[in-house]
Amino acid sequence: MKRIKINTNLNLYFLFTLLFVTVNFFAQKNTSKKPNFIVILTDDQSWVGTSFLANPNDQRSKSDYYHTPNMERLANYGMRMTNGYAPAPFCSPTRKSILTGLTPAKHEYQKDRDNWTTAFRKQITIPKILKLADSNYVTAHFGKWDARYDDFTPEEMGYDFSDGLTSNNTGGGKSTLSAEGKETPFKMGEAWPKTYDDPKLIFSLTQRSNDFIEEQTKKNKPFFIQISHYAVHLAITYSKKNITKYNKLKKGKKHATPEFAAMTEDMDQGIGILLDKIFSLGITDNTYIIFLSDNGGRTSIPIGPEQKIARNFPLRGGKGSMYEGGLRVPFVIIGPGVSKNSYSDVPVTGLDILPTLARLAGYQGLLPNILDGGNIQTVIHNKGKGKVKRNSPYLIFHQAVNRKPISAIRFGDYKLVKDWRYNKLELFDLSNDIEEKVDLSKKMPDIVKKLDKALIKFLNEADAETKQIKT
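Residues numbered from 1 in each chain as written. Predicted model: local features only at pLDDT ≥ 70, side-chain atom pairs only at ≥ 80, totals over all residues. Heavy atoms only, no water.

The next point concerns the overall build of the protein chain. In terms of helices and strands, the protein chain carries 12 helices and 18 strands. A buried classification covers 56% of the 471 residues belonging to the protein chain. Entry remark: accessible area of the protein chain is about 21400 Å², with carbon and sulfur atoms responsible for 53%. (Helix = DSSP H or I, 4+ residues; strand = E, 2+ residues; numbered from the N terminus. Buried < 20%, exposed > 50% of the residue type's maximum accessible area, 1.4 Å probe, protein only. Areas by Shrake-Rupley, 256 points an atom, 1.4 Å probe, with all protein chains shown as cover.)

Here the focus is the packing of helix α5 (residues 126-133) against helix α10 (residues 353-360). In contact at an axis separation of 9 Å, α5 and α10 are set at 15° when each is read in the N-to-C sense. By the angle class used here, α5 and α10 are roughly parallel. Relative to α10, α5 is oriented so that their crossing is right-handed. On α10, the residues that touch Ile126, Ile129 and Leu130 of α5 are Ile353, Leu354, Leu357 and Ala358. Its residues placed into classes, the contact of α5 with α10 shows 7 nonpolar, no polar and no charged. (Axes fitted to C-alpha atoms, helices over the stretch in contact; angles between N-to-C directions. Parallel < 35°, antiparallel > 145°, perpendicular 65-115°, else oblique. Left-handed = near helix turned anticlockwise from the far one by under 90°. Contact = heavy atoms within 4.5 Å. Nonpolar A, V, L, I, M, F, W, Y, C, P; charged D, E, K, R; others polar.)

With that settled, consider empty space enclosed by the protein. To find the voids left in a structure, one rolls a probe of water-molecule size over its atoms. Summed over the entire model, instances satisfying the criterion amount to 4 cavities of 30 Å³ or more. Thr103, Thr349, Leu351, Asp372, Arg390, Asn391, Ser392, Tyr394, Leu395, Ile396, Phe397 and Phe458 together form the lining of the largest cavity. The element that contributes the greatest number of residues to the lining of the largest cavity is strand β15 (residues 395-399), accounting for 3 residues. Grouping the amino acids of the lining of the largest cavity by side-chain chemistry returns 6 nonpolar, 4 polar and 2 charged. (1 Å grid on protein atoms, 1.4 Å probe; cavity = no way out; pocket = protein on both sides within 12 Å on 5 of 7 lines; lining within 4 Å. Points joined across faces, edges and corners; volume = space filled by probe spheres on them.)

In spatial order, the strands read β15-β16-β17-β18; together these 4 strands make up an open sheet with antiparallel pairing. Of all the strands in the sheet, the pair left with one neighbour each is β15 and β18 (424-429). In this sheet, adjacent strand axes meet at a mean angle of 10° when their direction is disregarded. Relative to β18, strand β17 (residues 414-419) runs antiparallel, the two sharing 6 bridges. (Pairing = 2+ DSSP bridges.)

Enumeration over the complete set of coordinates arrives at 30 salt bridges. Asp294 is the partner of Arg95 in a salt bridge, and the nearest nitrogen-oxygen pair spans 2.8 Å. Separated by 199 residues along the polypeptide, Arg95 in helix α3 (residues 91-100) and Asp294 in the loop between β11 (287-293) and α9 (324-327) bring together distant segments of the chain. Between Asp146 and Lys144 there is a salt bridge, with its nearest N and O atoms 3.9 Å apart. For the pair Asp146 and Lys144, a shared accessibility class is recorded, and that class is buried. Each of the salt bridges in this network shares a partner with another, and the network as a whole consists of Asp43, Arg95, Lys144, Asp146, Arg148 and Asp294. (Salt bridge = Lys/Arg side-chain N within 4 Å of Asp/Glu carboxyl O.)

By the secondary structure assignment, Thr100 is in helix α3. Thr100 gets classed as buried once you look at its relative accessible area, which sits at 0%. When near neighbours in sequence (up to four residues on either side) are disregarded, Thr100 contacts Phe120, Gln123, Ile124, Thr125, Leu354 and Leu371.

What follows concerns the side chain of Thr356. Tracing the sequence through the fold places Thr356 in helix α10. A polar contact of 3.0 Å, which involves the side chain of Thr356, links it to the backbone nitrogen of Ile376. Once residues within four sequence positions are removed from consideration, Thr356 is found in contact with Gly374, Asn375, Ile376 and Gln377. (Polar contact = N/O pair within 3.5 Å; in protein donor to acceptor, adjacent residues only side chain to side chain.)

The next point concerns the confidence of the model for the protein chain. Summarising the model, the protein chain shows a mean pLDDT of 91, and 89% of its residues fall at 70 or more. For the protein chain, per-element mean pLDDT is lowest for helix α1 (residues 8-31), which scores 40, and highest for strand β1 (residues 36-42), which scores 99. Contacts from residues 1-31, a stretch scored under 50 in pLDDT, to residues over four places away or in other chains number 0 contacts. Long-range and interchain partners of residues 185-190, a stretch whose pLDDT sits below 50, account for 8 contacts in this model, where long-range means more than four residues apart. (pLDDT = per-residue confidence, 0-100.)

Printed below as a string of structure tokens:
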């Protein structure tokens, strides 16, 4: 028998080539995996409603009473957007705007609301566009949905999983919750706040979210989940552990209500449980988390001592107001390429979430011209520097119809607030007057005219209502 002589060098060459191709294949497979996205939306949480500085350069920009160590973890892991805005000073319009990237002037405050209810269902949404980027995305919305005036379901808007048509009352709003989670209409004079094992459904909501995240991770599926907390909206419920803690702590000057502080920390602990799950699954390197509130904090609550300092100080106003207290919210982004423990002064808004997630997910198509948000990837991946390109260079906020008709428009550091009822115009320079104490409208009429003209043009093109109408 004739022996075959093997070329050892050639054999080793093919072996190393095969090894290189195999390693390179799996490396590419790993790096090309689509990122996961988590949006944590809190309810009625003030810009100063945490124990981290919303602006590291302003010592007034945190609570003087609440402890939120897990929200601090978020801030330390990522980038604080010091000029972060909710799309509206109320919850329902903000939620619709985050979902679609459209300002409330184009949906909730339309002149032709009946037809826009139908048109709204056809708009691109976060879950829809992520599935266009990659059909493997699995999407979920858990917690408060609040689609009032329209009653569209999360599934209609593209979500795979949800809690359905939930509202404030689901989590204990103007009603109270039994220990089993059953609603009982709130009665004036009833003894509340109350203690629950699952206050504002914080812990059951977190468990559902963690189960979803773990399931998709095991299936190797990219996911998007929005976790919309019912806290810290009224009515106030809290855990026994935290009310005991805050009854013993020294009260602050702007925050001094133990019950509200306890509810805030309960929510913080829910966020901590979520973060622990994300870290335990080892997906932090491929997961973006966006944390923000649906609007600014309330200026008052029906219990607690008399205010020594405004609850949202140094911001003016609160929920329902077009001043900074109603619009500016805690806003943190963490994820791949986002500098840790950093901050950015570039103005951003919840409207920017949809286009940003679309691009991060690899969507290459044209975004609808109707969108009002922009891609903030150029800022969060550039150490907080740069500009956000939007279809309009202005940040515009507007409400009417079932609300008092008031608008605000920001360009650079200047912000104009307009009350349509009296044609009242106020101008502020936010670079040195975050409290909005000094009205510059008389000193700077040219800027007032420019911003007012831009505001009117935008609202006319959006066919937005500028009157209050009984509905």
